[in-house]
Amino acid sequence: MDILRRAILEPGPPENFALKTVQEVIKPQKQTKLVQDENQLLENILRTLLQELVSAAVQSGEKIMEYGQSIVDGDVAQGQIPRLLDIVLYLCEKEHVEAGMIFQLLEDLTEMSTMRNCKDVFRYIESKQDILGKSELFARGKLVMLRTCNQLLRRLSKANDVVFCGRIIMFLAHFFPLSERSAVNIKGVFNTSNETKYEKEAPEGISIDFNFYKTFWSLQEHFCNPASLPQAPAKWQKFTSSLMVVLNTFEAQPLSDEEGNANNLEDEAATFSIKYLTSSKLMGLELKDPSFRRHVLVQCLILFDYLKAPGKNDKDLPSETMKEEVKSCEDRVKNLLELTPPKGKEFLGSIEHILERERNWVWWKRDGCPAFEKPPIEKKSVQDGVKKRKPRWRLGNKELAHLWKWADQNPKALTDPQRVRTPAVTEYWKPLAEDMDATAGIEAEYHHKNNRVYCWKGLRFSARQDLEGFSRFTEHGIEGVVPLELLAPGVRSKYQPKPSDRSKRAKKEETKGAAHQAEEGQFVTPTSEIDVEGSRADLEASAAPMDTDAAITENLSRDGTPDEHQKQSSDMEPGQIEADVEAETGMVDGETDAEVDLDAVG
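Residues numbered from 1 in each chain as written. Predicted model: local features only at pLDDT ≥ 70, side-chain atom pairs only at ≥ 80, totals over all residues. Heavy atoms only, no water.

**Let's talk about the overall build of the chain**
Step number 1: Secondary structure assignment for the chain yields 29 helices and two strands.
Step number 2: When burial is assessed residue by residue, the chain has 32% of its 602 residues classed as buried.
Step number 3: Of the contacts formed within the chain by residues at least 6 apart in sequence, a portion of 64% connects residues at least 24 apart.
Step number 4: Accessible surface, the chain: about 39600 Å² in total, of which carbon and sulfur atoms supply 53%. (Helix = DSSP H or I, 4+ residues; strand = E, 2+ residues; numbered from the N terminus. Buried < 20%, exposed > 50% of the residue type's maximum accessible area, 1.4 Å probe, protein only. Contact = heavy atoms within 4.5 Å. Areas by Shrake-Rupley, 256 points an atom, 1.4 Å probe, with all protein chains shown as cover.)

**Side note on the nonpolar core**
Step number 1: Membership of the largest hydrophobic core comes to 57 residues, with the highest contact counts inside it found for Ile81, Ile102, Leu109, Leu132 and Met145.
Step number 2: Elements represented by at least two residues in this core include exactly helix H1 (2-8), helix H2 (18-26), helix H3 (36-60), helix H4 (80-93), helix H5 (101-112), helix H6 (115-127), helix H8 (135-155) and helix H9 (162-175).
Step number 3: The dominant element in this core, judged by the number of residues it contributes, is H4, at nine residues.
Step number 4: In contact with Leu109, not counting residues within four places along its chain, are Leu50, Val54, Ile64, Met65, Ile81, Leu85 and Val121. (Core = buried A, V, L, I, M, F, W, Y, C linked by side-chain atoms within 4.5 Å.)

**Some points on the packing of H2 against H4**
The geometry of a pair of packed helices is captured by two quantities: the angle between their axes and the separation between those axes.
Step number 1: Direction vectors running N to C along H2 and H4 enclose 90 degrees, while the axes themselves pass 10 Å from each other. As summarised for this structure, H2 and H4 are arranged roughly perpendicular, according to the angle between their axes. On the side of H2, the interface is formed by Ala18, Leu19 and Val22, while H4 contributes Ile87, Tyr90 and Leu91.
Step number 2: Classifying every residue of the contact of H2 with H4 by side-chain character gives six nonpolar, no polar and no charged. (Axes fitted to C-alpha atoms, helices over the stretch in contact; angles between N-to-C directions. Parallel < 35°, antiparallel > 145°, perpendicular 65-115°, else oblique. Nonpolar A, V, L, I, M, F, W, Y, C, P; charged D, E, K, R; others polar.)

**Observations concerning the packing of aromatic side chains**
Step number 1: Counted by the stated rule, this structure contains 22 aromatic pairs.
Step number 2: Between the aromatic rings of Phe175 and Phe176, the centroid separation amounts to 5.4 Å while the plane-to-plane angle is 75 degrees, which identifies the pairing as edge-to-face. Across the pair, Phe176 and Phe175 agree in class, each one buried.
Step number 3: Measuring from ring centre to ring centre gives 5.0 Å for Tyr276 and Phe292, while their planes differ by 90 degrees; the resulting arrangement is edge-to-face. Residue Tyr276 is found in the loop between helix H12 (257-263) and helix H13 (283-287), and its partner Phe292 is found in helix H14 (residues 290-308); the two are separated by 16 residues along the sequence. (Phe/Tyr/Trp six-rings, centres within 6.5 Å; stacked < 30°, edge-to-face > 60°.)

**Concerning the pattern of salt bridges**
Step number 1: Scanning all chains against the criterion turns up 18 salt bridges.
Step number 2: The salt bridge involving Lys134 is made with Glu93; its shortest N-O contact spans 2.7 Å. With a gap of 41 residues between them, Lys134 in the loop between helix H7 (129-132) and H8 and Glu93 in helix H4 connect regions that are remote in the sequence.
Step number 3: One salt bridge in this structure joins Lys449 and Glu479, with 3.4 Å as the shortest N-O distance. Taken together, the positions of Lys449 in the loop between helix H19 (430-436) and helix H20 (452-465) and Glu479 in the loop between helix H22 (473-476) and helix H23 (489-495) put the pair 30 residues apart, joining distant regions of the chain.
Step number 4: On the basis of relative accessibility, which here comes to 35%, the residue Lys449 falls in the partly exposed class.
Step number 5: Judged by its relative accessible area of 16%, Glu479 falls in the buried class.
Step number 6: Salt bridges here are not isolated pairs; linked through shared partners, they connect Lys308, Glu330, Lys334 and Glu352. (Salt bridge = Lys/Arg side-chain N within 4 Å of Asp/Glu carboxyl O.)

**Things to note about the confidence of the model for the chain**
Step number 1: Taken over all residues, the pLDDT of the chain has a mean of 78, while the share at 70 or more is 74%.
Step number 2: Low pLDDT, under 50, characterises residues 519-602; the predicted model gives this stretch 43 contacts beyond four residues in sequence or across chains. (pLDDT = per-residue confidence, 0-100.)

**Structural notes on H20**
Step number 1: For H20, built from 14 residues, the straight-helix expectation of 20 Å at 1.5 Å per residue is met to within 8% by its first-to-last C-alpha distance of 20 Å.
Step number 2: For H20, the full list of buried residues reads Tyr454, Cys455, Gly458, Leu459, Phe461 and Ser462. The buried residues of H20 all sit within an arc of 165 degrees when viewed along its axis, so they share a single face. Opposite its buried face, H20 presents the exposed residues Arg452, Trp456 and Arg464, each directed more than 90 degrees away.
Step number 3: Considering only its buried residues, H20 is in contact with helix H18 (425-428), H19, helix H21 (467-471) and H22. (Expected span 1.5 Å × (residues − 1). Arc of directions from axis to C-beta.)

**Regarding H8**
Step number 1: With 21 residues, H8 should reach 30 Å at 1.5 Å per residue; the first-to-last C-alpha distance of 29 Å fits that figure.
Step number 2: When the local axis directions of H8 are compared, the greatest deviation, roughly 60 degrees, occurs at Gly141.
Step number 3: Of all the residues in H8, the buried ones are Leu137, Phe138, Gly141, Val144, Met145, Leu146, Thr148, Cys149 and Leu152.
Step number 4: On the buried face of H8, the contacting elements are H4, H5, H6, H7 and H9. (Bend = angle between axes of the 7 residues up to and from the residue.)

**Notes on unusual backbone geometry**
Step number 1: Following Pro341, the chain continues into Pro342 via a peptide bond in cis, with omega recorded as -5 degrees.
Step number 2: As for its placement among the helices and strands, Pro342 is situated in the loop between helix H15 (320-339) and helix H16 (344-366).
Step number 3: Its identity as a non-glycine residue notwithstanding, Lys27 has a phi of 55 degrees, on the positive side.
Step number 4: Locating Lys27 in the fold gives a position in the loop between H2 and H3.
Step number 5: The class of Lys27 is exposed, set by a relative accessible area of 63%.
Step number 6: At Lys343, a residue that is not glycine, the phi angle is positive and equals roughly 55 degrees.
Step number 7: The exposure class of Lys343 is exposed, given its relative accessible area of 65%.

**Here we look at the state of the cysteines**
Simply put, the disulfide is a covalent bond whose two ends are the sulfur atoms of two cysteines.
Step number 1: In the structure shown here, the tally under the stated rule is zero disulfides.
Step number 2: Here Cys300 is not cross-linked by a disulfide; its sulfur's nearest cysteine counterpart is in Cys329, at 8.3 Å.
Step number 3: By relative accessible area, which is 1% here, Cys300 ends up buried. (Disulfide = S-S within 2.5 Å.)

Encoded structure:
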């Protein structure tokens with residue numbers, strides 16, 4: 001013991017004297033490494049010495065991490081206890097002693113210290129976390145360190161020592177890997193012992209609605225155990241009715257920006273606490289506090305997010321009616337958060353981002369917590385004098401060369417009909433049709449109509465496969481091109497052509513076609529025939545100009561120039577012109593030339 005006391009006071013780094021001191025105290029069988037019995041003996045001696053130093057520091061009234069003669073190690077001056085810990089840490093790191101010895105001493109030190117001194121002890125632990133986290137030390141001491149940190153968290157006040165609790169949790173996150181299952185709540189067990197106590201009977205002289213007070217605080221019974229709601233319809237009904245009362249009250253008493261800035265207590269660290277006071281006398285003031293409202297509304301979003309989380313068993317899944325109620329309540333809660341000053345929209349965006357990350361963690365846990373870490377790539381040592389040649393790839397890099405080789409081995413990959421095919425119009429426009437349905441709840445900024453490449457490809461497909469739909473682009477834009485059978489009934493009526501418009505367009509085309517054909521001296525189809533066989537009439541009308549041009553050219557070449565024809569027509573009487581036109585068109589009592597010839601043959 002005296003040898004160790006003198007060693008603590010020696011200046012210089014521990015590697016100059018630490019191993020020599022252990023050899024003097026223990027006289028080990030091996031010169032550089034202690035066996036099991038020797039490790040146990042040394043650990044008992046060190047724990048006894050540490051207890052004596054802590055007791056002496058308490059009696060002197062000094063902080064335990066600053067007690068004793070100051071030992072200078074380079075530019076750093078430290079007390080006797082940190083010096084002892086440095087010596088043991090060096091011996092553990094160099095594997096001269098058992099690796100878990102330093103963790104045992106740290107646990108003893110925190111148990112013997114007050115919470116004020118524990119902050120100094122934990123500051124020392126944080127400064128050495130890179131060494132404590134090494135694989136040779138971590139494997140032997142991780143459970144002891146986890147137990148030490150959990151004991152500190154139990155002793156600390158969650159309301160008054162929030163920063164210190166956060167430091168401990170951050171240390172554990174750095175000390176343990178992400179895939180460490182000991183830090184994961186695999187089963188998703190809730191802390192049902194977190195009970196919120198409130199007044200059951202109305203006190204005298206109360207000036208608020210006591211029924212609302214009881215309804216409000218009764219929500220905490222459901223927030224602490226969300227898993228019980230899907231299994232009990234009566235409990236869910238009670239929760240929703242109570243929540244409706246609270247949301248109606250929040251909506252009826254909105255906060256202005258001035259009230260939000262005046263009553264906001266989030267920036268005042270002195271008044272921050274994990275749980276709010278439940279006195280009925282404070283209910284009126286708490287309703288005017290924006291942080292209090294946000295606290296309740298965020299609890300609602302967390303509960304809804306749990307109910308919607310995928311991967312549950314069938315008995316834990318909410319019913320269809322419950323899903324609809326959850327969606328309705330969630331929309332109201334988000335709207336209230338957005339309207340709650342200050343910076344309601346920014347606050348809601350942050351909460352949604354946090355919940356999205358939580359959903360990713362839920363998936364990770366339900367997939368068995370696969371490891372995030374990847375083993376390091378081993379670098380092969382190059383012999384001296386041998387020049388390492390850089391790899392040369394066929395297409396410039398490894399990935400392209402591998403892809404090219406894979407294509408040679410799979411020649412049908414680029415010609416497979418399941419891979420290389422033109423999608424049908426109805427299949428291609430389905431995403432945009434879903435966006436146009438208002439019940440889908442898709443925000444405008446995420447609509448496919450904002451994707452210019454998607455719209456351009458769709459117009460090309462419609463031009464080849466659906467000319468009728470393609471023609472609606474001029475009047476209705478890109479949404480009009482979507483096939484009508486894909487749209488919901490309420491949306492379809494907006495883009496479906498009206499019967500009156502269709503008849504007007506048909507008459508207009510009929511009048512235009514008749515005038516054109518009469519001018520060119522061709523046969524005009526009766527109106528009744530256009531109505532019955534509109535498509536055939538359109539085709540004949542479109543083909544008529546070509547035939548007419550040919551006939552006119554032939555007549556002009558045979559009978560004279562256009563000016564001569566015009567002159568001759570001007571000298572004729574109107575009746576004569578009509579007769580000539582009728583004769584030229586081959587009309588005999590409403591029959592075509594072809595029909596006359598057939599009668600003559602018969």
